[in-house]
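Remarks on the overall topology
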Amino acid sequence: MLVLALNCSVEFDSSRDEEFFTALPPFPAVCLVESKESFAEPLLIRTQDLRRRLQRLLGPPDPSSKRLNLRDFAKSVRYRLTSSPFEQSFAYYQNAKQIFPARYRDMLRMRPPAVLKVNLRNAYPRCYPTRRIPIASNGEPSGGLYYGPFPSRKAADAFAERVLDLFKVRRCQIRIRRDPEFPGCIYSEMKMCLAPCFAGCSKEEYDSEVQRLVWFLETGGSSLREALQAERNKASEDLDYEKAALLHKKVDKLDDALRGQPELPRRLQDLNAVILQRGVADQSISVYAVRAGKIGDPLELSFAQLSGEPRSAEQLLREHLEPGSAVIPSLPAQAGEASEGSDPVARNLSDSAASPAADLSEHLWLLARWFYSNPRLGEIFFRTNGWPYRRMMRACARLLAPPEAAPGAGQASPSHHPDGERKTS
């Protein structure tokens, strides 16, 4: 079962269309128009105003217009309200994949994201941009190290050019034969490549240089910076100022290569993050955990419900992101409160355990499409040594705060609406 399933359904009767349109909320949604004929395919759409969109699709047809009209086609409508562009894209993706498994990629105009690959299966690896990420039987990328995703292949290629200037790894696509008679290329002439093509280095020396490149990508450049700074400091202590100046220029070159680099690209196995989006319900936040590049099912934090319970939002986050790290005691249901079986958080945790395995390439596309969008709604936090729970809580307050006041400024509690507007109650 889909966690972001179409959870609302309305029967359509053309003789009572005004009543039908009035019952539809004018909010963003993912909608499925079902046909009267069993052999006809339904229509899956996403819209920023459900009522207005269906009035155009199911309202009385205009004889002078060529606009699509499904008044005689529709039997019923199923929909799900969405509170953010990210949730709408994710819900549309899940439902399209389930309803139209043969063509959902075309419906979303989905294209695999651009990443950098260090092909470790080759005897003499090289680093290059690609959109193909093969998956091993254990569910992880196979064939080498993958670093990304980038906003485009051009951006990945530009970053690779800057990074490879810092290492002597080959850039050619020829088959290495280690032939001393081979003339080499311009990079070997400029001493920017170890030149394994004409046996300019040993296999061990080339493997060591590739390992430096791999470690550079895994650490986001900090491994090379620390090594250069340590070598520069030692040269200064030895009064070798010429060498120290040369190493200082290399550090500046490294900073130039990393300057302006977005925070999202990293080794795919280390792409662990949390995306926070406003929820559909009042005073709620949807939490999407990204683990190794795969987007998990959302956890809904209802601050209106938590205000009357001894449980804290930070406890729920810890339980969701680090299962087993914190034990949340079950609370007896009291008068006027939902029981544990009807708790949306408890339902979410059980549903996420039964969710199907995610397709890495498709989830990276969804993640990159949202991260590089402008403007980008919502907030994202990456895991380094641990999860920044306090920063996440402050981000929740920012997302729920009315636009005219900062959190804690003595204003009335905000009431969130799924159409993206906020107003004080």
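Residues numbered from 1 in each chain as written. Predicted model: local features only at pLDDT ≥ 70, side-chain atom pairs only at ≥ 80, totals over all residues. Heavy atoms only, no water.

Helices and strands together make up the secondary structure of the protein, namely 14 helices and 15 strands. Across the 425 residues in the protein, those meeting the buried criterion constitute 44%. Of the contacts formed within the protein by residues at least 6 apart in sequence, a portion of 61% connects residues at least 24 apart. Accessible surface, the protein: about 22,800 Å² in total, of which carbon and sulfur atoms supply 49%. (Helix = DSSP H or I, 4+ residues; strand = E, 2+ residues; numbered from the N terminus. Buried < 20%, exposed > 50% of the residue type's maximum accessible area, 1.4 Å probe, protein only. Contact = heavy atoms within 4.5 Å. Areas by Shrake-Rupley, 256 points an atom, 1.4 Å probe, with all protein chains shown as cover.)

This paragraph deals with the sheet that holds strand S4 (residues 74–81). Across a sheet, strands are paired by hydrogen bonds formed along the backbone, either parallel or antiparallel in direction. With antiparallel pairing, the four strands of this open sheet are ordered in space as S1-S4-S2-S3. Edge positions in the sheet fall to strand S1 (8–11) and strand S3 (43–47), since each of these pairs with one other strand and no more. For this sheet, the mean inter-axis angle between neighbouring strands, taken without regard to orientation, is 20°. Strand contacts of helix H2 (residues 50–58): strand S2 (29–35), S3 and S4, with the helix running at about 140° to S3, the strand carrying the most contacts. Lying over the sheet, helix H3 (residues 85–99) contacts S2, S3 and S4, oriented at roughly 175° with respect to S3. (Pairing = 2+ DSSP bridges. Axes fitted to C-alpha atoms, helices over the stretch in contact; angles between N-to-C directions.)

This part takes up the confidence of the model for the protein. Looking at the protein, the pLDDT average stands at 84 and 85% of residues meet or exceed 70. By mean pLDDT, helix H12 (residues 344–353) is the weakest element of the protein at 35, and strand S13 (residues 379–382) is the strongest at 96. Of the regions scoring below 50 in pLDDT, residues 326–358 engages in 35 contacts with residues more than four places distant in sequence or in other chains. A low-confidence stretch, residues 405–425 stays under pLDDT 50, and its non-local contacts, those more than four residues away or across chains, total 44 contacts. (pLDDT = per-residue confidence, 0-100.)

Quick look at the side chain of serine 35 now. By the element assignment, serine 35 lies in strand S2. One polar contact links the side chain of serine 35 to the main-chain amide nitrogen of glutamate 37, over a distance of 3.0 Å. Leave out the neighbours within four places in its chain, and serine 35 touches Ala40, Phe73 and Lys75. (Polar contact = N/O pair within 3.5 Å; in protein donor to acceptor, adjacent residues only side chain to side chain.)

Below, the discussion takes up helix H13 (residues 360–371). Over its 12 residues, H13 runs 16 Å from end to end, which matches the ideal 16 Å to within 8%, given 1.5 Å per residue. Listed as buried for H13 are Leu360, Ser361, Glu362, His363, Leu364, Trp365, Leu366, Leu367, Ala368, Trp370 and Phe371. Capping the start of H13, aspartate 359 holds a side-chain oxygen 3.2 Å from the backbone nitrogen of serine 361, two or three residues further along. (Expected span 1.5 Å × (residues − 1).)

Moving on, we get to the packing of aromatic side chains. All told, the structure shown has 16 aromatic pairs when counted by the stated rule. Relative to phenylalanine 21, the ring of phenylalanine 20 lies with its centre 5.4 Å away and its plane at 65°, an arrangement referred to as edge-to-face. Of the residues examined, phenylalanine 20 reaches a relative accessible area of 4% and is grouped as buried. For phenylalanine 21, a relative accessible area of 5% gives the class buried. Here the aromatic rings of phenylalanine 371 and phenylalanine 382 are separated by 6.5 Å at their centres, their planes lie at 70°, and the arrangement is edge-to-face. Note that phenylalanine 371 is positioned in helix H13 and phenylalanine 382 in strand S13, a separation of 11 residues in sequence. Assigned by exposure class, phenylalanine 371 and phenylalanine 382 land together as buried. Aromatic ring contacts, followed pair by pair, group Phe86, Phe90, Tyr93, Tyr104, Tyr288, Trp370, Phe371, Tyr372 and Phe382 into a single cluster. In this structure, arginine 126 is placed above the aromatic ring of tyrosine 128, and the distance from its NZ or CZ to the ring centre is 4.3 Å. The ring centre of tryptophan 370 lies 5.5 Å from the NZ or CZ of arginine 376, which sits over that ring. (Phe/Tyr/Trp six-rings, centres within 6.5 Å; stacked < 30°, edge-to-face > 60°. Lys NZ or Arg CZ within 6 Å of the ring centre and 35° of its normal.)

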